[in-house]
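Fold and geometry: a report
One-letter residues, chain by chain:
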Amino acid sequence: MAPNDSAPATEEDREPGAVRRKAARYALPVAVAGVAAATIGLVPALAATGDPELPKISAQQLIEKIAASDTEQLSGTVKISTSLGIPALDNLGDLAGSFAPKGESPGQGGESADPATKLTELASGTHTLRVATDGADKQRLSVLDDTSEYSLIHNGDEVWAYDSGSNAAYHATAPEGGKGAKGGKGSDGSGDKDRTAPEGVPTTPKDFAEQALKVAGDTTSVTVDGTSKVAGRDAYRLLIKPKQSGSTVGSITVAVDAKTGTPLKFTLAPSSGGKAVVDVGFTKVDFAKPAAGTFDFTPPKGAKVTEESDAGKAAKEHGADNSAKELPLGPGSLGALGALGGSDGDVKVIGKGWSTVYALSSPDGGAGAKADSKAGAAKPEDVPAEAQQFMDALGDKVTGKFGSGTVFQTRIVNALMTDDGKVYVGAVTKDALIKAADQAK
């Protein structure tokens, strides 16, 4: 009989710091989409031999098993599907030009293998990934397309990325402390310095599970929901559900390898029902040491190589700003959306747990009219009609004690933009956003 036990999620039970520290030993170098974000069409090919019979285990014991996992070596194939309810990011290129003020064109960075750009494609659609890791200083991730392959390789103090479709390569030096499995942890013990790709772009079940577990608290129900087979391996199913109403998150299910404690599959289901927002899982996995040559890379002849310093300079020339602060972490957190507040804007947290809403205001105090008068700011009349129509079609006009504004909705993250320039965003329903805006008023 499949185990079905539960335990309340307490600070002691969850041990988020332990989960993060252990994860650093073998987490792949990218995290998606976000948001988060991450996380359709295709479902990971799972073994269909029925639910295995495994020893009974409590939720507390299963969380401790994840925290105690010391897997440092693995390789396999991962399928990640994301259905946020927005158009695929790689199909918005033509539309992006419509949003540029008249007389201008959208920023053009040319062909580049920079992971900060390429890995955002994982935020929509279905993708197949090949992954391999051998400790904290050797990881490889390849995104497979029909006719091309994008690879990200971290080997010691070297980081390479290569896009076979454009024959473009990206080279960087791993952050100090990134070399060596033992000495590369961040100041908080999380191992962030071992990462070779942008934060907030999860790609493996472990990445997603770590984010979910570290925010579980008294607003969260954590139970063991039976067993399953994933990539031919026996696994326990950890079920995480909000206790609060108003969240767009219905549940999170993590399939945990019964032998190693490694998360094999992660599924985020929306409270509105339907297919998963994020479904990421191994279809094949091997815990043996990958071949040493897996992490070797030499740019092919004729490849255009962009150095990290060159990429940073080009980003600044095209208006990119990576100094935006992150939003506070919490259940349903939206750390990757910190840029909405600007580097100098204010971020206010309303509510707690899964019903958390972040209120952001622009550096000028949130006055939309004032923003229009600033030098170089696009004025409403500068926006092409087709772009304005597109934005209007995406949003719902709403009113409340806060005044009036527009709610833009996806299947997991929603945002209210008020007519006076404030933004309220969270993994909550439209009604919850309006309530939060009224409360802030």
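Provided above is the structure to which this section pertains.
All of the points below concern the structure found in this document. (Residues numbered from 1 in each chain as written. Predicted model: local features only at pLDDT ≥ 70, side-chain atom pairs only at ≥ 80, totals over all residues. Heavy atoms only, no water.)

1. Quick look at the pairing of strand β6 (residues 168-173)
The following threshold applies: Throughout this description, buried means an accessible area under 20% of the type-specific maximum (1.4 Å probe, protein chains only), exposed means over 50%, and partly exposed covers the range between. Numbered from the N terminus, helices here are DSSP runs of H or I no shorter than four residues, and strands are runs of E no shorter than two. Here, strands pair whenever DSSP counts at least two bridges between them.
The element β6 is largely enclosed, with a buried count of five among its six residues. Direction of pairing for strand β5 (residues 158-163) relative to β6: antiparallel, over a ladder of six bridges. Across the sheet, residue W160 finds its bridge partner in β6, namely H171. Counting the residues between successive antiparallel strands, the hairpin from β5 to β6 contains four residues, one of them, N167, with a positive phi of roughly 55°. Relative to strand β12 (residues 304-307), β6 runs parallel, the two sharing four bridges. Note on β12: the bridge partner recorded for A169 is V305.

2. Focus on the sheet that holds strand β1 (residues 73-82)
Keep this limit in mind: Axis definition: a line fitted to C-alpha atoms, over the contacting stretch in the case of helices. Angles run 0 to 180 degrees between N-to-C directions.
Taken in spatial order, the twelve strands line up as β7-β8-β9-β10-β11-β1-β2-β3-β4-β5-β6-β12 in an open sheet, and their pairing is mixed. Among the strands making up the open sheet, the edge pair consists of β7 (220-230) and β12. Taking each pair of neighbouring strands and ignoring which way they run, the sheet shows an average axis angle of 15°. Where strand β4 (residues 149-155) and β5 come together, six bridges link them in antiparallel fashion. Residue pairing for β5: S151 is matched across the bridge by Y162.

3. Some thoughts on the pattern of salt bridges
Opposite charge on two side chains lets them pair, provided their charged atoms get close. What counts is decided by this rule: Basic side-chain nitrogens of Lys or Arg form a salt bridge, by our definition, when they fall within 4 Å of a carboxyl oxygen of Asp or Glu.
Per the stated rule, a full pass over the model turns up ten salt bridges. Here K118 makes a salt bridge to E121, at a shortest N to O gap of 3.7 Å. Here E121 falls in the partly exposed class, since its relative accessible area comes to 31%. A salt bridge links R130 to E149, with the shortest nitrogen-to-oxygen separation between them at 3.2 Å. Of this pair, R130 sits in strand β2 (residues 125-134) while E149 is found in strand β4, placing the two residues 19 residues apart along the sequence. Classification of R130 as partly exposed rests on a relative accessible area of 40%. Taking the relative accessible area as the measure of exposure, E149 reaches 25% and is therefore partly exposed. Taken together, the shared-partner salt bridges in this structure form one network comprising K118, E121 and D163.

4. Brief notes about the sheet that holds strand β16 (residues 403-409)
Sheet architecture is open: six strands sit in the order β13-β14-β18-β17-β16-β15, paired in antiparallel fashion. The open sheet has two edge strands, β13 (346-350) and β15 (395-400), and neither has a second partner. For this sheet, the mean inter-axis angle between neighbouring strands, taken without regard to orientation, is 25°. As judged from the six bridges shared by β15 and β16, these two strands associate in the antiparallel manner. Paired with K397 across the two strands is T406, which belongs to β16.

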